[in-house]
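Architecture and fold: a report
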Amino acid sequence: MDNRQAIGSWLSGPRAAAEDMGADFGHRGMRLGLPEAGPGSIAPLGRRFGAVFVDWGLCLLIAYGLFANGDREAAGNWALGIFLVLSVLTIGTVGFTPGKRLLGLRVVAEDGGRLGTGRVLVRSVLLSLAIPALIWDRDGRGLHDRLARAVQVRI
């Protein structure tokens, strides 16, 4: 056996090499007991990013129109605060932001129930920092979701 196959190439990565050798990682969300596709399955990355962009655009519009007095730099700072408040209020009450609802997503606890206020606050603060959202586990959950024991699913 060629050693390059055992460790994977830089293109395929170690996961592909492990799968070639027979390892079964299952579908995203399998460890959480979620279906592979359809309602209740892990939300796809593209939809999650789309939802964040919709929410951020909405927050920028609100900030620019109501708080920034025409100052673009101030609008960005206000938008971050509005984004945090929007996230805490909407996910804490109905389980989704306007962008998530538009794209058919919902945030739930790992057990499928509602997130408590503390976990919503932790998730929202970490999401506002952006870095935790860019670090994923093998189920595709961002660090902010993992630390809040939350998961974004399709509606």
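Residues numbered from 1 in each chain as written. Predicted model: local features only at pLDDT ≥ 70, side-chain atom pairs only at ≥ 80, totals over all residues. Heavy atoms only, no water.

1. Focus: the pairing of strand β2 (residues 150-154)
Burial of β2 is extensive: four of the five residues sit out of reach of the surface. The sheet contact formed by strand β1 (residues 105-109) and β2 spans five bridges and is antiparallel. Note that in β2 the partner of Val107 across the bridge is Gln152. (Buried < 20%, exposed > 50% of the residue type's maximum accessible area, 1.4 Å probe, protein only. Helix = DSSP H or I, 4+ residues; strand = E, 2+ residues; numbered from the N terminus. Pairing = 2+ DSSP bridges.)

2. Some words on the nonpolar core
Listed in full, the eight residues of the largest apolar core are Cys59, Ala63, Ala79, Ile82, Phe83, Leu86, Leu127 and Ala133. Of all the secondary structure elements, the ones that give two or more residues to this core are α3 (45-67) and α4 (72-93). At four residues, α4 tops the list of elements feeding residues into this core. Ignoring any residue separated from it by four or fewer positions in sequence, one finds Leu86 in contact with Asp55, Cys59, Ile91 and Pro98. Of all hydrophobic cores here, the second largest spans seven residues; its members include Val107, Ala109, Val120 and Ala148. (Core = buried A, V, L, I, M, F, W, Y, C linked by side-chain atoms within 4.5 Å. Contact = heavy atoms within 4.5 Å.)

3. What to know about α4
Since the α-helix advances by 3.6 residues per turn, residues separated by three or four positions end up pointing in the same direction. Taking 1.5 Å as the rise per residue, α4 with 22 residues should run 32 Å; its terminal C-alpha atoms sit 31 Å apart, in good agreement. Those residues of α4 that fall on the buried side of the exposure criterion are Ala74, Ala75, Ala79, Ile82, Phe83, Leu86, Ser87, Thr90, Ile91 and Gly92. The positive-phi residue at the C-terminal boundary of α4 is Gly95, with phi of around 90°. (Expected span 1.5 Å × (residues − 1).)

4. Regarding the packing of aromatic side chains
Scanning the model with the defined rule gives two aromatic pairs in all. Measuring from centroid to centroid gives 6.0 Å for Trp56 and Phe83, while their planes differ by 65°, and the two rings are edge-to-face. Of this pair, Trp56 sits in helix α3 while Phe83 is found in helix α4, placing the two residues 27 residues apart along the sequence. For Trp56, a relative accessible area of 29% puts it in the partly exposed group. Relative to Trp78, the ring of Phe67 has its centre 4.7 Å away and its plane inclined at 15°; by these criteria the two rings are stacked. Residue Phe67 is found in helix α3, and its partner Trp78 is found in helix α4; the two are separated by eleven residues along the sequence. A relative accessible area of 42% places Trp78 in the partly exposed class. (Phe/Tyr/Trp six-rings, centres within 6.5 Å; stacked < 30°, edge-to-face > 60°.)

5. A word on the confidence of the model for the protein chain
Fine structural detail should not be taken from predicted coordinates in areas where pLDDT scores are low. Averaged over every residue, the pLDDT of the protein chain is 87; residues scoring 70 or more account for 85%. Per-element averaging of pLDDT across the protein chain places helix α1 (residues 3-7) at the bottom with 53 and helix α5 (residues 98-102) at the top with 98. (pLDDT = per-residue confidence, 0-100.)

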